[in-house]
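For reference, the chains in residue letters:
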Amino acid sequence: PYRIIISNFSSDKGPRTVSFNHLATNIRYRLGHKYKLDIKEVVLHTMSIKEQVQLTADAAIFISMCGGGAVTSMFLPKGASLLLYYTAAGHGRHPNTPARLDWDLLNNIGYIRVHWLPKPRQMFLKPIVGQNENGNDDLDFVLNLLDHELDIISHFDDY
């Protein structure tokens, strides 16, 4: 199965303290019939470094907010995908620019595909199954991106 890691509460800094709530439910509903999935929802700071590395080293996709636990993604295997959310509003010394911590490091790891996504106002607060009657374009985009990434990964011999 393709392991997807969803890192909840990867940062303890205000707007980056995020739970992805029902994202796993939506992934299973929309993509579970097409791919064999092993979805792990984790809070990385409650795990040892060894546990984090072991979990990540076998993952196909890693989803997180930037900062904090996102650095664990550097242990992803070749060909894996990383989806990182960032806050659109700046902070600290750079209040007018997006907060994209780890930008240089993660964008220059040439063996994984990195996608930077602005944090939606509402982070998948409830499951949306069946028709997307709520018009959650952010969720549709992420699910389509995950489908695309899983399709690419499915053509690798390593998974």
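Use the structure listed above.
Let me sum up the structure you'll find in this document. (Residues numbered from 1 in each chain as written. Predicted model: local features only at pLDDT ≥ 70, side-chain atom pairs only at ≥ 80, totals over all residues. Heavy atoms only, no water.)

This part takes up the packing of aromatic side chains. Under the criterion given, the structure shown has three aromatic pairs. Summarising the aromatic geometry, the rings of F20 and Y85 are spaced 5.5 Å apart at their centres and angled 45 degrees between planes, so their arrangement reads as tilted. Residue F20 is found in the loop between strand 1 (2-7) and helix 1 (23-31), and its partner Y85 is found in strand 4 (residues 81-86); the two are separated by 65 residues along the sequence. We note that F20, like Y85, is buried. (Phe/Tyr/Trp six-rings, centres within 6.5 Å; stacked < 30°, edge-to-face > 60°. Helix = DSSP H or I, 4+ residues; strand = E, 2+ residues; numbered from the N terminus. Buried < 20%, exposed > 50% of the residue type's maximum accessible area, 1.4 Å probe, protein only.)

What follows concerns a nonpolar patch on the surface. Together, V71, M74, F75, L105 and Y111 make up an exposed nonpolar region whose accessible area comes to about 380 Å². Position of L105 among the secondary structure elements: in helix 3 (residues 103-107). (Patch = residues over 30% accessible without salt bridge, like charges linked within 9 Å, V, L, I, M, F, W, Y side chains within 5 Å. Areas by Shrake-Rupley, 256 points an atom, 1.4 Å probe, with all protein chains shown as cover. Salt bridge = Lys/Arg side-chain N within 4 Å of Asp/Glu carboxyl O.)

On to helix 4 (residues 137-153), then. Its 17 residues place the ends of helix 4 24 Å apart at the C-alpha level, agreeing with the 24 Å of an ideal helix rising 1.5 Å per residue. All buried positions along helix 4 are accounted for by L139, V142, L143, L145, L146, D147, E149, L150 and I153. On the buried face of helix 4, the contacting elements are strand 1, helix 1, strand 2 (37-42), strand 3 (61-65), strand 4 and strand 5 (113-118). (Expected span 1.5 Å × (residues − 1). Contact = heavy atoms within 4.5 Å.)

Before going further, it helps to examine the sheet that holds strand 5. Taken in spatial order, the five strands of this open sheet run 2-1-3-4-5, and their pairing is parallel. The sheet is open, and its two edges are formed by strand 2 and strand 5, each paired on a single side. Direction aside, neighbouring strands of the sheet carry axes that sit 15 degrees apart on average. As paired strands, strand 3 and strand 4 are joined by five bridges and run parallel to one another. Its bridge partner being in strand 4, M65 is matched across the sheet by Y85. Where helix 2 (residues 49-57) meets the sheet, it contacts strand 1, strand 2 and strand 3, and its direction lies at approximately 135 degrees from that of strand 1. Running over the sheet, helix 4 touches strand 1, strand 2, strand 3, strand 4 and strand 5 and is turned about 180 degrees from strand 5. (Pairing = 2+ DSSP bridges. Axes fitted to C-alpha atoms, helices over the stretch in contact; angles between N-to-C directions.)

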